[in-house]
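So the chains spell out like this:
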Amino acid sequence: MTIDSPRPVWAYIAFEQIPDPLHLKCFEVASSDVAVLVQCAWQGRLQEVLVDRDQVFHRTLDPNVR
């Protein structure tokens, strides 16, 4: 399912060069029953990563932060 407006989420993402998954602020752009497509910035680049559904958690944006 494609999401009309990206939702803010936390995601645990495993990168090849790093031994442990990173807990990153991301945006959910599409989802299914088993996986979520998230966008995040890693090392200055926009990344789109497919993450297991159980590794993604909703978060809320702070309205006072720009």
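Here the structure is shown first, and the text comes after it.
Residues numbered from 1 in each chain as written. Predicted model: local features only at pLDDT ≥ 70, side-chain atom pairs only at ≥ 80, totals over all residues. Heavy atoms only, no water.

**Here we look at the state of the cysteines**
Then comes step 1: Tallied over the full model, the rule gives zero disulfides.
Then comes step 2: Cys-26 forms no disulfide, and the closest cysteine sulfur to it belongs to Cys-40, at a distance of 4.3 Å. (Disulfide = S-S within 2.5 Å.)

**Focus on the nonpolar core**
The tendency in soluble globular proteins is for nonpolar side chains to be buried side by side.
Then comes step 1: Counting residues in each nonpolar core, the largest one holds twelve residues, listed as Val-9, Ala-11, Ile-13, Phe-15, Leu-24, Cys-26, Val-36, Val-38, Cys-40, Val-49, Val-51 and Val-56.
Then comes step 2: For this core, the secondary structure elements donating two or more residues are β1 (2–13), β2 (22–31), β3 (35–42) and β4 (45–52). (Core = buried A, V, L, I, M, F, W, Y, C linked by side-chain atoms within 4.5 Å. Buried < 20%, exposed > 50% of the residue type's maximum accessible area, 1.4 Å probe, protein only. Helix = DSSP H or I, 4+ residues; strand = E, 2+ residues; numbered from the N terminus.)

**Comments concerning the pairing of β2**
Then comes step 1: Strand direction decides the pairing type here: β2 and β3, joined by four bridges, are antiparallel. Opposite Ala-30, over in β3, you have Leu-37 as the bridge partner.
Then comes step 2: Between β2 and β3, which pair antiparallel one after the other, the connecting turn spans three residues. (Pairing = 2+ DSSP bridges.)

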